[in-house]
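Chains, contacts and geometry: an overview
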Amino acid sequence: MGVRRGHALADRGKRHQPLHVVLMISRIVPGEVDQRPVPDGGAYWSIETNDLLRRLKTSALGLATSEAASRLAKFGQNTPASRSGTSALTVFVRQFRSPLVLILIFAATVSAFVGEGQEAVIIGAIVLASCILSFTQEYGASRATEALKQRISRKAVVLRDGIECSVAAEDIVPGDVIRLSAGNLIPADGIILDARDFNVSEAVLTGETFPVVKAPGRALPEASLAQRTNAVFTGTSVRSGTATVLAVATGTSTEFASIAAALERQIPETGFAQGIRLFGYLMTEIMLAIVILVFFANLMLHRPLIESLLFSLALAVGLTPELLPAIISVTLARGARAMAANGVIVRRLDAIENLGSMDLLCTDKTGTLTEGIIHLDGWLDVDGNPSTDILLWARLNATMQTGLKNPLDEAIAGVPGQGASLAGFTKVDEIPYDFIRKRLSVVVRTKDADDLLITKGAVQNVLEICSFVRTAKGLEPLDETHRAAIDEKFRRWSADGYRVLGVAIRRFESRNAFGRKDEIDLAFAGFLLFLDPPKEGVRETLAALAHRGIAVKVISGDNRYVAAHLADAVGLRADRIMTGENLSKLTKSALFASVQHTDLFVEIDPNQKERIVQAFRSRGHVVGYLGDGINDAPALHEADIGISVDTAVDVAREAADIILLKQDLGVLVRGVDDGRKTFANTMKYISITTSANFGNMISMAVASLFLPFLPLLAAQILLNNFLSDIPSLAIAGDNVDADQLRRPRRWDIGFVRRFMIGFGLVSSLFDFATFAFLLLVAHATAAAFQTGWFVESLLTELAIVLIVRTHKAFWASRPSLLLAWLTLAVAAVAIIIPYVPAAARFGFVPLPLHVLVGLVAITTLYLLASEVTKRWFFDHESRHSYRSRAGRATANRTVPRPTHAQRIAHE
């Protein structure tokens, strides 16, 4: 299928596809009428073609370029209504939608009313500064993302000034005449002017599993969407055949847009997004517990209501990773830019995290494992001898067909020195290629006025419509002897790495139209041998993927002999093979059990690719699928990370999460590294938030219950939180150690919880040491205690940045220059701030030198203790991870694989 089946879309709703509105299938029921009118009113699918052309003031030759430009200005771009979620004002306002920010604004307002004007101004200034900081990062990230998307805008072929030309799909207007062929996504709603074997996948709108035959004509005004067989709709895809379509509705007037507007698009979460959400729940639970406990405890201690409220809320803000959305946006956008520089365009930012988590890649062989530049190496008759007739017929078939273009036809047409031989032949008709028949037929008229039907396709699919064989002696019946000889040649050439097609012919008396019923009683004439050699360096690239913990599985429609020959050449296992025929006999559970021990899936039917990907995902793999054809779309939707190339057919490009600007696995390797860097840097911020921040806030909460004064004022907590967040903004571009790129990275909320508790306890231990030093050694007053605690708290939060950003010793891993300088600069501010003139506004007092030295010493000890804790923690986690992987490996262990002889006998 060209698109994912309707029920599958409804169940799984793969992420970014513009087809996702299948969730509104229940809205479209048989008999329902959509009376979206053309300019003069009426249901356009029921209007006679010439009348509709007149109403739209166009013709079968299309619009003039100037008229198209005028209509574009009038009707707007051909895109569904987009939410202005990336405008500067919208992004800025969004920063204030955080409940914590709103609560702080409320608290500042209350402070102003009760006479605490200075407190209100300080809180307001810090909140505004934080929101501006977050806005600049998020808006810059969104702009960068939009710029990247423009690099992969979709094109469509239309008639302008009577000439075919390629335009951006967004520039199509009502009245345009559009040419469509297999693999195209339909860019506008319209009616069919002309069609040939035109099949359209409409599961996106109707839920219908199988392609629908479309043809010119008229439908009843009350016809439901599925009953309008003379109309096509935006977002559906061409499965086979060709058509000329008159665009009637574009942009927000399309069926797709009306459904999308009625239901906000629901995009299933990636594993990382789900982890972030669960992390948010965890932090919210802790925050609420602290706020309620501290607030009521302070009230019971007879402290002022407003002061207690502000302190409790400030603790919540200090604990909450309020910059996490901005950090994620910046990190993902930076990752997307880095990947774009390496030839990978990200269509959906969340996909970067999945790319870093990928541990299994499914791919076809053509263009990824092979050069993708196919050469026609032989044109042979049934006896295996070179034949100019075979080449002539192949060239006629390849150059005169108007359907789906493919590299095989280009290879045939590219044979030099044969152009003159086509003179004297005129095309009569064609029977387009489809993935069921796996063959293409073209009818040409010869000089003697006979019609010659030439069929080219997969050898077995051509043989099944043949009754004769064309030998040197003339036509002979196609008996078992001939079939065995043909099959023997096919196997031998395939085992040598050749892609083999069959050619058959039949002569007819002249007539004007032909169809599939005429593909019968043909004479098998010979073979075409194509060679697509392994890509240079692909063996090293596959080794690089394996080094990163990514297994590669080949899924191909080619025969087993060609696939095994290639696998052996590029270093993949060639002995664990499953054919499409064998796969079709397996139940769902049997397939799930078998895929783990299969490396080559060959002779695969297009609809089986999705089953294979689903089976791998059921085994716990994060699956990437690389494909560029019509029949790859379902698998691209099903995979955790859909990967295509910029030269792919429309439906494959739209189904993909990321687009490779070059069909090269080496590009993908760099993309995986960028994805893992993005994941690692995002986790660094979370680690920082759940270590020193968590420990400090818990310590302050506990201290507030026993001290006769608050350990920090609300404004001091907010200032501390603001300053400690500044270096975090540089984490998006921080260096990542090579050891963090060696295996797939996945979100683990249990790891986060263990990290938070482990490092939080260490942080709290040194916090209490600081309390003891300030009270028992320095004999600090309330203001001096708050000042000293502010300095130490901020220094520890900065120090932990350098500790947890790496699994190595912190001195053995160099941070990025920006992160290092920002950390040092804020540390300097932390020490200097009690001595500046404005310090009194925040309740700070100058600290004696011996107190400052003591605080620095405690911070140094905390840094060393955290380093020791880190080594113990990651050693423990590594052992835990190893035991988990060993357990999974034992569970997945299988019986010994069959020998080569046993496998061949079974096949």
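Residues numbered from 1 in each chain as written. Predicted model: local features only at pLDDT ≥ 70, side-chain atom pairs only at ≥ 80, totals over all residues. Heavy atoms only, no water.

Considering unusual backbone geometry
Phi at Asp161 is positive, roughly 60°, even though this residue is not glycine. Position of Asp161 among the secondary structure elements: in the loop between strand E1 (155–160) and strand E2 (163–168). The phi dihedral of His779 is positive, around 50°, even though this residue is not glycine. Note on His779: relative accessible area 60%, which makes it exposed. (Helix = DSSP H or I, 4+ residues; strand = E, 2+ residues; numbered from the N terminus. Buried < 20%, exposed > 50% of the residue type's maximum accessible area, 1.4 Å probe, protein only.)

Considering the side chain of Ser556
With respect to the secondary-structure elements, Ser556 resides in the loop between strand E18 (551–555) and helix H18 (560–570). In contact with Ser556, other than residues within four places in its own chain, are Asp364, Lys365, Phe601, Val602, Glu603 and Ile604. (Contact = heavy atoms within 4.5 Å.)

With respect to the sheet that holds E18
Read from one edge to the other, the open sheet built from eight strands follows the order E8-E23-E22-E21-E9-E18-E20-E19, with strand pairing classed as mixed. Each end of this open sheet is capped by a strand with a single partner; those strands are strand E8 (344–346) and strand E19 (577–579). Each adjacent strand pair in this sheet contributes to an overall mean axis angle of 20°, direction not counted. Relative to strand E22 (residues 641–645), strand E21 (residues 623–626) runs parallel, the two being bridged by three bridges. Opposite Tyr625, over in E22, you have Gly642 as the bridge partner. (Pairing = 2+ DSSP bridges. Axes fitted to C-alpha atoms, helices over the stretch in contact; angles between N-to-C directions.)

Some thoughts on the packing of helix H25 (residues 714–728) against helix H27 (residues 782–804)
At a closest axis distance of 10 Å, the pairing of H25 and H27 adopts a crossing angle of 25°. Here H27 runs roughly parallel to H25, going by the angle between their axes. At the point where H25 passes H27, the crossing takes the right-handed sense. The segment H25 lies against H27, with Gln716, Leu719, Asn720, Leu723, Ser724 and Pro727 engaging Gln786, Phe790, Ser793, Leu794, Glu797 and Leu798. (Parallel < 35°, antiparallel > 145°, perpendicular 65-115°, else oblique. Left-handed = near helix turned anticlockwise from the far one by under 90°.)

With respect to the nonpolar core
Counting 139 residues, the largest nonpolar core has Leu361, Leu542, Phe601, Ile658 and Phe790 as its most contacted members. A total of 15 residues in this core trace back to one element, the largest contributor, which is helix H24 (residues 665–706). Once residues within four sequence positions are removed from consideration, Leu542 is found in contact with Leu369, Val552, Val570, Leu572 and Leu665. The next biggest cluster of nonpolar side chains, apart from the first, holds 26 residues, and it includes Ala398, Met400, Val415 and Ile454. (Core = buried A, V, L, I, M, F, W, Y, C linked by side-chain atoms within 4.5 Å.)

Observations concerning helix H17 (residues 538–547)
Listing the buried residues of H17 in full gives Val538, Thr541, Leu542, Ala544 and Leu545. Along the long axis of H17, the arc covered by the buried residues comes to 155°, so they all point the same way. The exposed residues of H17 that point more than 90 degrees off its buried face are Glu540 and His547. Positioned one or two residues after H17, Gly549 has a phi angle of 80°, which is positive. (Arc of directions from axis to C-beta.)

A look at the side chain of Thr598
Tracing the backbone shows Thr598 in the loop between helix H20 (588–594) and strand E20 (600–602). From its side chain, Thr598 meets the backbone oxygen of Ser594 in a polar contact 3.1 Å long. When neighbours within four sequence positions are excluded, Thr598 is seen to be in contact with Lys553, Arg576, Ile577, Met578 and Phe616. (Polar contact = N/O pair within 3.5 Å; in protein donor to acceptor, adjacent residues only side chain to side chain.)

Points about the pattern of salt bridges
Opposite charge on two side chains allows them to pair when their charged atoms are near. Tallied over the full model, the rule gives 30 salt bridges. Between Asp409 and Lys456 there is a salt bridge, with the nearest N and O atoms lying 2.9 Å from each other. Of the two residues, Asp409 is situated in helix H14 (residues 407–413) and Lys456 in strand E13 (residues 451–458); the sequence distance between them amounts to 47 residues. Comparing Asp409 with Lys456, the two get one shared label, buried. Two residues, Lys553 and Asp599, come together in a salt bridge whose shortest N-O distance is 3.0 Å. With Lys553 in strand E18 and Asp599 in the loop between H20 and E20, the pair connects residues that are 46 residues apart, well separated along the chain. (Salt bridge = Lys/Arg side-chain N within 4 Å of Asp/Glu carboxyl O.)

What to know about the packing of H27 against helix H28 (residues 817–832)
Between H27 and H28, the shortest axis-to-axis distance is 9 Å and the interhelical angle comes to 170°. The angle between the axes of H27 and H28 places the two elements in the roughly antiparallel class. Between H27 and H28, the residues in contact are Val791, Leu794, Leu795, Leu798 and Val801 and Leu819, Thr823, Val826, Ala827, Ala830 and Ile831, respectively. For the contact of H27 with H28, the residue count by class is ten nonpolar, one polar and no charged. (Nonpolar A, V, L, I, M, F, W, Y, C, P; charged D, E, K, R; others polar.)

A short note on the packing of aromatic side chains
Tallying each qualifying case throughout the model produces 21 aromatic pairs. Relative to Phe296, the ring of Phe295 has its centre 5.3 Å away and its plane inclined at 70°; by these criteria the two rings are edge-to-face. Classification of Phe295 by relative accessible area gives buried; the value is 17%. With 5.0 Å between their ring centres and 75° between their planes, Trp493 and Phe527 make a pair best called edge-to-face. With Trp493 in helix H16 (residues 480–495) and Phe527 in strand E17 (residues 522–531), the pair connects residues that are 34 residues apart, well separated along the chain. Accessibility classification places Trp493 together with Phe527 in one group, the buried group. Feature note: the residues Phe709, Phe768, Phe771, Phe785 and Trp789 constitute an aromatic cluster, connected by ring pairs. Taking NZ or CZ as reference, Arg228 lies 3.6 Å from the ring centre of Trp45, over its face. Above the plane of the ring of Phe514 lies Arg511, whose end atom (NZ or CZ) is 4.0 Å from the centre. (Phe/Tyr/Trp six-rings, centres within 6.5 Å; stacked < 30°, edge-to-face > 60°. Lys NZ or Arg CZ within 6 Å of the ring centre and 35° of its normal.)

Points about the environment of Asn631
By the secondary structure assignment, Asn631 is in the loop between E21 and helix H22 (633–638). Taking the C-alpha atoms as reference, Asn631 lies 9.6 Å from Glu610; in sequence the two are 21 residues apart.

Considerations on the pairing of strand E9 (residues 360–363)
Of the two faces of E9, the one holding Leu360 and Cys362 and the one holding Leu361 and Thr363 are both buried throughout. By the bridge criterion, four bridges tie E9 to E18 in an arrangement that is parallel. Bridged to Cys362 within E18 is Lys553. Where E9 lies against E21, four bridges are found, and the strand directions are parallel. Its bridge partner lying in E21, Leu361 is registered against Gly624.

Quick word on the pairing of E22
Burial analysis of E22 places five of its five residues in the buried class, which makes it a mostly covered element. In E22, alternate side chains face the same way, and those of Ile641, Ile643 and Val645 on one face and Gly642 and Ser644 on the other are all buried. The pairing of E22 with strand E23 (residues 658–660) spans three bridges and is parallel. Directly across from Val645, in E23, lies its bridge partner Leu660.

As for a nonpolar patch on the surface
Taken together, Leu288, Ile292 and Phe296 make up a surface patch of nonpolar side chains, about 300 Å² in accessible area. By the element assignment, Ile292 lies in helix H9 (residues 271–300). (Patch = residues over 30% accessible without salt bridge, like charges linked within 9 Å, V, L, I, M, F, W, Y side chains within 5 Å. Areas by Shrake-Rupley, 256 points an atom, 1.4 Å probe, with all protein chains shown as cover.)

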